[in-house]
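Now for the letters of each chain:
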Amino acid sequence: MTQNNDTNNQNIQILHTQLNDLLEEARKVGKEIDETNQKAREEIDAIHSKINDSLAQIKQTGSGLDKADKEAGDALDSLILQRVNELEE
Amino acid sequence: MKEHMFGDNNKIFIVENSRKKTPEEIEEAKSYRQELESTRLVIAETDRINKKQEAKELLTPTEKAFLVMATREQEAVRKLKETREAKLVEINQDSAKPEAKVEANQDSAKPEAKVEANQDSAKPEAKVEANQDSAKLEVEVGLNNENKALFNATPEEKKGLLRRIYEGLYKVSGVNKIIGKLEIAYSDLRINGLTSKEEKLQEEINRIDKETQLSKKSQSSMQFLIADAKEKGAPIASLEQNISLIAKRAEDLSRKKSDIQEKLTERQEQRDVYINKRREVADKLIGYYDEKIKPMEETLASLQTLKSRLDFKSSAIEITHKKQEADLHSIEERLNSVKESYRAEGRPESEIKKTLKDLEAYLDTGRANIQKKREKILDDKEEQEKKIAEAERLVALHKEKRDEFMRTKEGKPRENKKDKVTQDIKTIPIETETISTEQNIERLPVQSYISRWNEYLKNENIAESLKKPIDSKDFLIETGWSDDFVIDFEDFKKILPRYLKLKGIVVEDGILNASIEDFNKNKAESGK
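Everything numeric here is computed off the predicted structure, so don't read it as measured data.

(A) Geometry of the overall build of chain B. Of regular secondary structure, chain B possesses 16 helices and four strands. Burial statistics for chain B: of 528 residues in total, 23% are counted as buried. Looking at chain B alone, contacts between residues at least 24 apart form 78% of all its contacts between residues at least 6 apart.

(B) Focus on the overall build of chain A. Counting its regular elements, chain A contains one helix and zero strands. A total of 89 residues make up chain A; the buried ones form 30% of that total.

(C) Expanded view of the nonpolar core. Counting residues in hydrophobic clusters, the biggest one holds 29 residues, and the most contacted among them are A:I58, B:L300, B:L303, B:A391, B:V395 and B:I495. Of all the elements in the fold, those that place two or more residues in this core are α1 (2-87) of chain A together with α11 (237-344), α12 (349-409), α13 (446-456) and α15 (489-502) of chain B. By residue number, the principal contributor to this core is α11(B), which donates nine residues. Ignoring anything within four residues of it in the chain, the contact list for A:I58 reads B:M296, B:T299, B:L300, B:A391, B:L394 and B:V395. Listed in part, the 25 residues of the second largest apolar core include B:L143, B:Y166, B:Y186 and B:L285.

(D) Broad picture of the environment of B:K503. With respect to the secondary-structure elements, B:K503 resides in the loop between α15 and α16 (509-527). Separated by 194 residues in the primary sequence, B:K503 and B:R309 have C-alpha atoms spaced 9.4 Å apart.

(E) Representation of the packing of α11(B) against α12(B) within the structure. All names here are of chain B. With their axes 8 Å apart at the nearest point, α11 and α12 run at an angle of 165° to one another. Between α11 and α12, the crossing angle belongs to the class labelled roughly antiparallel. The chirality of how α11 crosses α12 is left-handed. Of the residues in the contact of α11 with α12, the class split is 25 nonpolar, seven polar and 16 charged.

(F) Up close: the packing of α11(B) against α15(B). All names here are of chain B. Between α11 and α15, the least distance of the axes is 9 Å, while the angle of their chain directions is 155°. Comparing their axes, α15 and α11 come out roughly antiparallel. Note on packing geometry: the crossing formed by α11 with α15 is left-handed. Residues S308, R309, D311, F312, S315, A316, I319 and K322 of α11 pack against D491, K494, I495, R498, Y499, K501 and L502 of α15. Residue composition of the contact of α11 with α15, by class: six nonpolar, two polar and seven charged.

(G) Region of the structure containing unusual backbone geometry. Residue and element names in this part refer to chain B. One non-glycine residue, K56, lies in positive phi territory at about 60°. With respect to the helices and strands, K56 occurs in the loop between α1 (23-54) and α2 (61-72). On the basis of neighbour counts, which here come to 6 C-beta atoms within 10 Å, the residue K56 falls in the exposed class.

(H) Representation of the confidence of the model for chain B in the model. All names here are of chain B. The share of residues in chain B with pLDDT of 70 or more is 78%, and the mean pLDDT across the chain is 79. Across residues 96-128, confidence stays below pLDDT 50; counting only partners more than four residues off in sequence or on other chains, it has seven contacts. Confidence drops under a pLDDT of 50 for residues 418-437, and excluding neighbours within four residues, the segment shows 23 contacts in the predicted structure.

(I) Main features of the environment of B:A389. Within the secondary structure layout, B:A389 lies in helix α12. A sequence separation of 89 residues divides B:A389 from B:L300, and the C-alpha atoms of the two residues are 9.9 Å apart.

The rules behind the values
- Residues numbered from 1 in each chain as written.
- Chains lettered and ligands numbered in written order.
- Predicted model: local features only at pLDDT ≥ 70, side-chain atom pairs only at ≥ 80, totals over all residues.
- Helix = DSSP H or I, 4+ residues; strand = E, 2+ residues; numbered from the N terminus.
- Buried ≥ 20, exposed ≤ 12 C-beta atoms within 10 Å, placed from the backbone.
- Contact = placed C-beta atoms within 7 Å.
- Core = buried A, V, L, I, M, F, W, Y, C linked by C-beta atoms within 7 Å.
- Axes fitted to C-alpha atoms, helices over the stretch in contact; angles between N-to-C directions.
- Parallel < 35°, antiparallel > 145°, perpendicular 65-115°, else oblique.
- Left-handed = near helix turned anticlockwise from the far one by under 90°.
- Nonpolar A, V, L, I, M, F, W, Y, C, P; charged D, E, K, R; others polar.
- pLDDT = per-residue confidence, 0-100.

Shown next as structure tokens:
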């Protein structure tokens, strides 16, 4: 009986050790996951920031071109209006 | 009716009972009659001298010179006579259209017609419609204040023409209005409208030139007649009156030509100014676009690199997550084994649950963190790819506009293609995959895959574009993986093309995929 109990305790102890090892391993994987996610966030945020900057730059240039369109459109309207008056004289 | 006789066969009937001629017409007709008279006199004198010559009578030197001149100018005199007769008929026919005149007067005098016309112009709906059209033109076409003022100052009939010209522009989206305006400015129709008027003026000048030539010949004939008459002692007063009238007519023609020429020059100058200004506007716009599109394209190229980097990073993180999930799965399997062992040892379920609680919590948290991050990366990637697509659309739109400006300026026809600029932003499909946690898949350290791949590239059948060995150190830095990080073939197949793209190694997809599959086959065979 005592021998059985000793064996049983020994087995439980082995299981506890295995469990502790697994826990340690799980902690390590968990830490890796956190690190991966943290690094991913930093790297992807850096890419996002550059993308935002580039898009803003393109939009700014585009708005400059839209302004040029407007100016050219006004100049053309003026020419067309004058021209119609000349044509019908 | 009054009949004028010019020689035996030259009868001209002038309708005198038609409408009253203008002073200009009276003057013109008088001049033509004088010229006809001079041709008649030349013809009569020529006949007389010819008869004298036939009767073998001696001709005076003036008669001889006259005969030489008359023979030389015979054709011109005949032509002058014909044109002047035709002119006189024309003048009289023009002024003798009593029916047309009467009809026109009757029409305008019709009380119903008048009422109808007044009603039309007074229709409130018509007025409202015209005002709406005007507002539409001003607002939808986007006239600025200066041009609005110019438009409002335009007479109503010209406003109608402007509305027709701008009609096609109402339906055009804002971004493309400039193309429409440039097309209107370069429209052939407008130029043709002016060209036809120029042509009419030019025709009038040519007609005056011909008339002037004939008048000069007529004057020349008259001078001979005067000399001849003087020699014979005949009266020359009427002849001198004729020659002065013809000379006056020539002066009038010259003045008229000068006036028309001035009008023509003015119109040509107006057209040239318009063409130059139009070209200046187009050139300035195209130049500005050329200047701005280059940096836009450079920025877009850097965005494409960022897109490649984002794609590569997302895949590397995904593979890392996959490996971490596999690790968690492995722990869970062993945990289940421990759990069964606890049960076998007769431990109560409540105690087992309590003992394993922390570990299970770690596993759940790890999986949840991976899933959360995975979803975030997918969402972010979609958002960023939309931004890149927006940038691509903007650059394409401006390039397309620049091309349209060039096409319009060069007068080339519009290409029948789908309007790219109005296309919606494409939603780029996001790659999703099922995470395999199967343990029987062969996993190797990434270093092993790279060295085997580099070895495989030495194979002579490999495409030249692909024969660039991978720098394992750089590969590990870019992926963020450690030396002993293990991956399976599917991971390698996923990350390799993205790494090559990131490093600017361009290989056709088909060739690359076939090479990777071939590599896997060789790897399997060499491992046997």
